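Take a look at the letters that make up each chain.
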Amino acid sequence: MAAISTIFRLLLLISFVPSLFSQDTVFDVELVHRDSPMSPLYNNSMTPFDRLQAAVVRSVNRASYFDKRIDMNTSIDIELGLTYNNGEFLMRFGMGTPNVQSVLGFIDTGSYLNWVDCAGCQCFNLSGDLFFPSESLSYKKLSCYSNECNNLGRCNKDKMCQYHVTFGDGSNIDGIFSSETLSFTSLDTNQITFIPNILFGCNLRSLLTKFHDPGSSIGLGPNSPSLIHQLAPKYISKYFSYCLDYLNGGVASRLFLGRGKQTITGTTMATPLMTQDNFYAVQLNAISIPQEFAVFLPKRSMLRAGNIIFDSGTTMTVLDTEVVDRLVRELTNYVSLSTVKVTGPFKLCFNVFSTEDEDELPGLWFSFAGTLGNFWVRPENLFGWYNRHVKCMVIIEASGLQVFGNIMMQDVLVGHDLDKMELTIIEKKCTELYKP
């Protein structure tokens, strides 16, 4: 009788979940940087230099992946057959009912897919949380006859919706598209909210995967079935924002799904938001120090609209080679510190031996279209420590797609408004957001 009562209460809860939400609902989710001690990917043997170098490699690989996806004119990761590291920040969420299983997965604003490594997975890397479908009453496999499966996968022998991903490096992943109840625990109130029937991929096998990840990924791209697309407008407004905290060890990084009634003090700047192949793109016109110099961005672009991708999953900012070369020349003339050549793709590094030297490093104005025409990137967001006495500009060059990376988004609230099609920025320290 107890089991029947539990199932009855569960079904009753799920059937009425949609009526519990209003359009000012916000899911306030903690984010964890991949190099944080709280991350399953944390490696305590790595030095800050090692982590910076690894972030550079990931940024270059991710930009290259974006280039190839644009060249192939597809947003379908499954058909692409390319590999890349999923991202930089992970979110904690729950799966299953009545016993909630905790999962940690990358957020990816450049993907529409949600993935989880499931129990029994014959996976090459098993460094993260596993989901146990057999322990959840709300887990369902997606039928291959469903409309969703027509766009996502193919039929297996059991008439379930199966996917098979073959990557360019010879690795591959197999699994079953499924649906499950996801849950979010508010950081402010500690209240758990359940969302039924969220589509995701249940990974059952991976072979020779080279990338080291927690096995789970949450897509926040503009296309179905990304998490934001599934949540909006049924449960939340079609809006999400994030604040990324590097300067305080990453402990205050937050993701907000939906737009609430809370008022964030500070000037809101906005620029038109464009989408292509599941990317979020904007128009960057110039980079400058007023009365000193201005570097204008080329109008040519691989994108149909806009000329730079805003991406939470890329650490470094990647700009056209001509733009970087011009910036290096202008900043070398502007800054009185001595420059130093280092190994790797960093084009501009300075010797910094004191706080007085560090104070000489400038910030830059990034002029986007719209009211985001004067976005100030602070010196601490523009230069990172290469070693004890050297700081390097965190902008690297590429001949392809340009990407605005997450180091330069530190301690600002970045919003994606998919109703107004605007990207908004409020300069606000992450530690000051939505305090209870």
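Residues numbered from 1 in each chain as written. Predicted model: local features only at pLDDT ≥ 70, side-chain atom pairs only at ≥ 80, totals over all residues. Heavy atoms only, no water.

1. Things to note about the state of the cysteines
No. 1: With the rule as written, the count across this model stands at 5 disulfides.
No. 2: Each sulfur in the disulfide pair C144 and C155 lies 2.1 Å from the other. Taking the torsion about the sulfur-sulfur bond, which here is approximately 90 degrees, the covalent link between C144 and C155 counts as right-handed. With C144 in the loop between β5 (140-141) and α4 (147-152) and C155 in strand β6 (residues 154-155), the pair connects residues that are 11 residues apart, well separated along the chain.
No. 3: One disulfide in the model links C349 with C392; its S-S distance is 1.9 Å. (Disulfide = S-S within 2.5 Å. Helix = DSSP H or I, 4+ residues; strand = E, 2+ residues; numbered from the N terminus.)

2. Quick look at the sheet that holds strand β22 (residues 375-377)
No. 1: What the 4 strands build is an open sheet, ordered β17-β16-β21-β22; its pairing is antiparallel. In this open sheet, the two edge strands, each paired with only one partner strand, are β17 (293-296) and β22. In this sheet, neighbouring strand axes are inclined to one another by 25 degrees on average, regardless of whether the strands run parallel or antiparallel.
No. 2: By the bridge criterion, 4 bridges tie strand β16 (residues 284-289) to strand β21 (residues 364-368) in an arrangement that is antiparallel. Bridge pairing links L284 to F368 in β21. (Pairing = 2+ DSSP bridges. Axes fitted to C-alpha atoms, helices over the stretch in contact; angles between N-to-C directions.)

3. Focus on the sheet that holds strand β20 (residues 349-351)
No. 1: The 3 strands lie next to each other as β20-β24-β23, forming an open sheet whose pairing is antiparallel. Two strands close off the open sheet at either side, each with one partner strand: β20 and β23 (383-387). Across the sheet, the mean angle from the axis of one strand to that of its neighbour is 35 degrees, orientation sign disregarded.

4. Description of the packing of aromatic side chains
No. 1: In total, this model carries 16 aromatic pairs according to the counting rule given.
No. 2: Measuring from ring centre to ring centre gives 4.9 Å for W115 and Y163, while their planes differ by 80 degrees; the resulting arrangement is edge-to-face. Note that W115 is positioned in strand β4 (residues 115-122) and Y163 in strand β7 (residues 161-166), a separation of 48 residues in sequence.
No. 3: Here W115 falls in the buried class, since its relative accessible area comes to 15%. (Phe/Tyr/Trp six-rings, centres within 6.5 Å; stacked < 30°, edge-to-face > 60°. Buried < 20%, exposed > 50% of the residue type's maximum accessible area, 1.4 Å probe, protein only.)

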